[in-house]
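The chain contents come next:
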Amino acid sequence: MVSSIPKDSQSVSELQEFYRQMVLIRKFEEAAAKAYSVGKIGGFLHLYIGQEAVGVGSIASLTPHDYIVSTYRDHGHALARGLHPSPLMAELFGKATGVSKGNGGSMHFFDKNAHFMGGHGIVGGHISLAAGIAFASKYRKEDSVTICFFGEGAANIGSFHEGLNLAAIWKLPVVFICENNHYAMGTPEYRALAVKDVSVRAYAYDMARDHIEGDEVRKVRDHVKVAVDRARRGEGPTLIEVSTYRFRGHSMSDPAKYRTKEELDAYKKKDPLMRARHELELGGIKPEVLDKLEIDIQTQIDEAYAFAENSPEPPLSQLHKYVYAEDK
Amino acid sequence: MAVLTYREALNRAMVEEMEKDPLIYLMGEEVGHYQGAYKVSQGMLDKFGEARVIDTPISENGFAGIGVGSAMVGLRPIIEFMTWNFSLVAIDQIINSAAKMNYMSGGQFPMPIVFRGAGGAGGRLGAQHSQAFESWYAHCPGLKVVCPATPKDAYGLLKSSIRDNNPTIFIESEVLYGSKGEVPEQEYTIPLGLGEIKRKGTDITIVTWSRALSFAEEAAVILEKEGISVEIVDLRSLRPLDENLIYESVKKTNRAIVVEEGWPVAGFGAQISHLIQKNVFSYLDHPVERVTQMDVPMSYAANLERMSLPNANRVADTIREMLR
Ligand SMILES: Cc1ncc(C[n+]2csc(CCOP(=O)(O)OP(=O)(O)O)c2C)c(N)n1
């Protein structure tokens, strides 16, 4: 593993914060997987394990005014945005205390205050929503930037092309981040993409592009920041492809038989958490400190789990609530 | 009172609302420089500029999504579909995004968006351009569905739709754009969910909306000469639905028929028929009948199109049968 050593105390503490967020995501999802396997969480559960550096690195370059639009694989993005794990876990449990009051579930985390604009379940449909949010920022002459995550599978649907074209012609402040984990469910990229490199599709829209590996969190941050700054200056959107890997199946119900153990093991050697931890140790952080950090996070997750478990289900009267907006 | 066309009434409603609220914008194909494919947005580009009257490429799914995303953060878009036929490529955004956003976010994201444009059947436009889709959208909770039949209603209902914090499907009748009617000069709105008795009568209730109102009115005139007195309920919006107006009328006339431009199977008339038999069954002297478009795609051939569409004679014939 070629590792970069954080050069000064500031970059060490920054990396340590990224590490904390990545561990939080990993442990949150491990707890969610456990809850799912004992029937406390229903429906689909798509885990982000393996991809943590992409969400954490990307979101680190945003201000609180910026917006995030996510897919059904939204836990990591929500946590990286700083949402508290308890209402997120409660949402997974379908409780009244969930971020979407139990109406959303795993695929539909929403937090308006955090400008977390939702997990969305239709592949690619949210890409034009993100362009729309960016459109609103431009319309109101606000300098917010929107970043939109999606998979390489989504890059094949019409919404992707329409969303990118509209964003490009109107120079909208949006950064499209394709988390290429090389599989759309069970379909490997070579069976779905005529041209493997999703980022070159940016040329079709005269859009800036970038393509990076997603195992090094600070590198992701640096590259995304260039695009975010460009968007904020009014110079338009960027399509960034981040190469990554999910260690689990597409969802909890997917045994992922379409890939080899060797392939998985090779990617696990590039685990972004291991990498960050290694770099922190090279930067002078003692293993005990990192162990302690992990234990603290585990405690936080245990609390979130208990919070979710002990929270009430939504009142039955909620069934008909929120179908329409309440009067102002 | 001024006499305006249906198209002018819609234009006036949009212009007045946009003058009041800078968060409202109009987006769609040809809405700006071309002045609207059906000229509903005539003059609006000059008034409001390119930032608020926005021409799009042909990408319904994309710009419907732009509308929804921008509504999530407080803008109040009016998205024009050149015709509702093309809304089908955006139906994912309308149903999976717009209609459910508030619900699935636990009330965090109201959706103050209007999708509007030309709907309905006829004019020898053939199968892909001649269809009434209000039943599709009325099927989906979270949407409001509005189908005005007169210039006066078009104006008042569009203003309410624009002010509403929910996604509204506002289906204009392509055939009615040039039709004229009196529109009060004073500003007014018509609440969504309020139907209107367009004609009073005692023998039978016709429940209808949008262009089919004209078939009902024609039939009523024919039947009047035969001594049959027809009451016409114009629903104006299907969601929310003015159920009581229907029930009160049926209680009086003891018979009901639904006249609609759409297809019969799982059409909105089936829902109305169900509601009537469920709620005022004991007042009925005859099963509820329906006159709809035939259960086929629209033919181009003039005679077949004529046969396919509901019309006054079919309505009158059915009513005569019911009263025998
Ligand atoms: C329009 C649509 N078609 C199919 C699906 C079912 N589906 C859900 S996720 C998925 C794979 C998407 O893969 P990708 O975009 O690469 O994202 P990843 O899951 O790898 O993060 C599919 C086919 C869907 N949700 N929406």
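These numbers were taken from a predicted model, which means no experiment stands behind them. (Residues numbered from 1 in each chain as written. Chains lettered and ligands numbered in written order. Predicted model: local features only at pLDDT ≥ 70, side-chain atom pairs only at ≥ 80, totals over all residues. Heavy atoms only, no water.)

A. Examining the overall build of chain B more closely. Within chain B, the regular secondary structure consists of twelve helices and 14 strands. Its C-alpha radius of gyration of 19 Å places chain B within 12% of the 20 Å reference for a compact globule of 324 residues. With the principal axes as the frame, chain B shows a C-alpha extent of 60 × 45 × 40 Å. Residues counted as buried form 63% of the 324 residues belonging to chain B. For chain B, the proportion of contacts with a sequence separation of at least 24, taken over those separated by at least 6, is 81%. Here chain B contributes 31 positive and 40 negative side-chain charges, whose respective centroids are spaced 3 Å apart. (Helix = DSSP H or I, 4+ residues; strand = E, 2+ residues; numbered from the N terminus. Rg over C-alpha atoms; globule rule 2.2 N^0.38 Å. Buried < 20%, exposed > 50% of the residue type's maximum accessible area, 1.4 Å probe, protein only. Contact = heavy atoms within 4.5 Å. Lys, Arg positive; Asp, Glu negative; His and termini not counted. Charge placed at Lys NZ, Arg CZ, Asp CG, Glu CD.)

B. A look at the nonpolar core. Ranked by internal contacts, the top residues of the largest apolar core, which has 86 residues, are Phe135 and Phe176 of chain A together with Phe115 of chain B. When neighbours within four sequence positions are excluded, Phe115 of chain B is seen to be in contact with Ala64, Val68, Ile79, Phe81, Trp84, Ile94, Ala98, Thr168, Ile169 and Phe170 of chain B. Among the nonpolar cores identified, the runner-up in size contains 66 residues, and Ala33, Val175, Ala276 and Ala308 of chain A belong to it. (Core = buried A, V, L, I, M, F, W, Y, C linked by side-chain atoms within 4.5 Å.)

C. Structural view of the site of the ligand. Residue and element names in this part refer to chain A. Neighbouring the ligand are 15 residues, the closest being Tyr72, Arg73, Gly121, Gly153 and Asn181. Within the backbone of Gly153, one N or O atom sits 2.8 Å away from an oxygen atom of the ligand. Between His250 and the ligand, the recorded distance is 3.4 Å, taken from a side-chain N or O atom to an oxygen atom. Contact with the protein chains hides 72% of the accessible area of the ligand, taken as 590 Å² for the molecule alone. Partitioning the shell around the ligand into residue classes produces eight nonpolar, five polar and two charged. (Near = heavy atom within 4 Å. Polar contact = N/O pair within 3.5 Å; in protein donor to acceptor, adjacent residues only side chain to side chain. Areas by Shrake-Rupley, 256 points an atom, 1.4 Å probe, with all protein chains shown as cover. Nonpolar A, V, L, I, M, F, W, Y, C, P; charged D, E, K, R; others polar.)

D. View of the packing of aromatic side chains. All names here are of chain B. For the structure shown, the criterion picks out 20 aromatic pairs over all chains. Look at Phe81 and Trp84: their rings are 5.2 Å apart centre to centre, the planes differ by 65°, and that puts the pair in the edge-to-face class. Given the relative accessible area of 0%, Phe81 is considered buried. On the basis of relative accessibility, which here comes to 1%, the residue Trp84 falls in the buried class. A centroid spacing of 5.9 Å and a plane angle of 90° characterise the contact between Trp209 and Phe268, whose relative ring orientation is edge-to-face. (Phe/Tyr/Trp six-rings, centres within 6.5 Å; stacked < 30°, edge-to-face > 60°.)

E. Highlighting the interface of chain B and chain A. Between chain B and chain A, the residue contacts involve 47 residues of the former and 39 residues of the latter. Between chain B and chain A we count zero salt bridges in total. Summed over the shared surface of chain B and chain A, the result is 21 residue pairs in polar contact (both at pLDDT 80 or more). If you list the elements that add at least two residues to the side of chain B that touches chain A, you get β2 (24-28), β3 (53-55), α3 (60-72), α4 (91-98) and α5 (101-104) of chain B. (Salt bridge = Lys/Arg side-chain N within 4 Å of Asp/Glu carboxyl O.)

F. Quick peek at the pattern of salt bridges. Residue and element names in this part refer to chain B. Enumeration according to the criterion identifies 44 salt bridges over all chains in this entry. Salt-bridge contacts for Lys198 lead to Asp153; the nearest nitrogen and oxygen are separated by 2.6 Å. In this pair, Lys198 is assigned in strand β9 (residues 196-199) and Asp153 in helix α7 (residues 151-163), connecting sequence segments 45 residues apart. Glu196 is paired through a salt bridge with Lys198; the nearest N and O atoms lie 3.2 Å apart.

G. Representation of the sheet that holds strand β14 (residues 289-291) of chain B in the model. Residues and elements named next belong to chain B. Spatially, β9-β11-β10-β13-β14 is the arrangement adopted by the five strands of the open sheet, whose pairing is mixed. Bordering the open sheet on either side are β9 and β14, each of which pairs with just one other strand. In this sheet, neighbouring strand axes are inclined to one another by 30° on average, regardless of whether the strands run parallel or antiparallel. The pairing of strand β10 (residues 204-208) with strand β11 (residues 230-234) spans five bridges and is classified as parallel. In the sheet register, Ile206 faces β11, and the bridge partner there is Ile232. Of the strands in this sheet, β9, β10, β11 and β13 (256-259) touch helix α8 (residues 212-224), which is tilted by about 170° from β11. (Pairing = 2+ DSSP bridges. Axes fitted to C-alpha atoms, helices over the stretch in contact; angles between N-to-C directions.)

H. Expanded view of the sheet that holds strand β1 (residues 67-71) of chain A. Residue and element names in this part refer to chain A. With parallel pairing, the six strands of this open sheet are ordered in space as β2-β1-β3-β4-β8-β7. At either margin of the open sheet sits one strand with a lone partner, and together these are β2 (116-120) and β7 (208-213). With direction set aside, neighbouring strand axes in the sheet form an average angle of 15°. The pairing of strand β4 (residues 174-180) with strand β8 (residues 238-243) spans six bridges and is parallel. Of the residues in β8, the one forming a bridge with Phe176 is Leu239. Lying on the sheet, helix α2 (residues 52-59) is in contact with β1, β3 (146-151), β4 and β8; it crosses β3 at an angle near 170°.

I. Representation of helix α10 (residues 287-310) of chain A. All names here are of chain A. Taking 1.5 Å of rise per residue, 24 residues should cover 34 Å, and α10 covers 34 Å from first to last C-alpha, within 8% of that figure. What α10 keeps buried is the set Leu290, Leu293, Ile297, Ile301, Ala304, Tyr305 and Ala308. Of the surrounding secondary structure, the elements contacted by the buried residues of α10 are α1 (9-37), α4 (85-92) and α9 (272-282). (Expected span 1.5 Å × (residues − 1).)

J. How the structure looks around the pairing of β7 of chain A. Residues and elements named next belong to chain A. Pairing analysis gives six bridges linking β7 to β8, with the strands arranged parallel. Note that in β8 the partner of Arg209 across the bridge is Leu239. Following the chain from β7 across helix α7 (residues 217-232) to the adjacent parallel β8, one finds a crossover that is right-handed. (Right-handed = clockwise from strand over helix to strand, strands pointing away.)

K. Molecular detail of the pairing of β4 of chain A. Residue and element names in this part refer to chain A. Of all seven residues making up β4, seven are buried, and the element is well covered by its neighbours. On β4, burial covers both faces: Val174, Phe176, Cys178 and Asn180 on one face and Val175, Ile177 and Glu179 on the other are all buried. With six bridges connecting them, β3 and β4 associate as parallel partners. From the neighbouring strand, Phe150 faces β4, where its bridge partner is Cys178. Running through helix α6 (residues 158-169), the crossover from β3 to the neighbouring parallel element β4 is right-handed.

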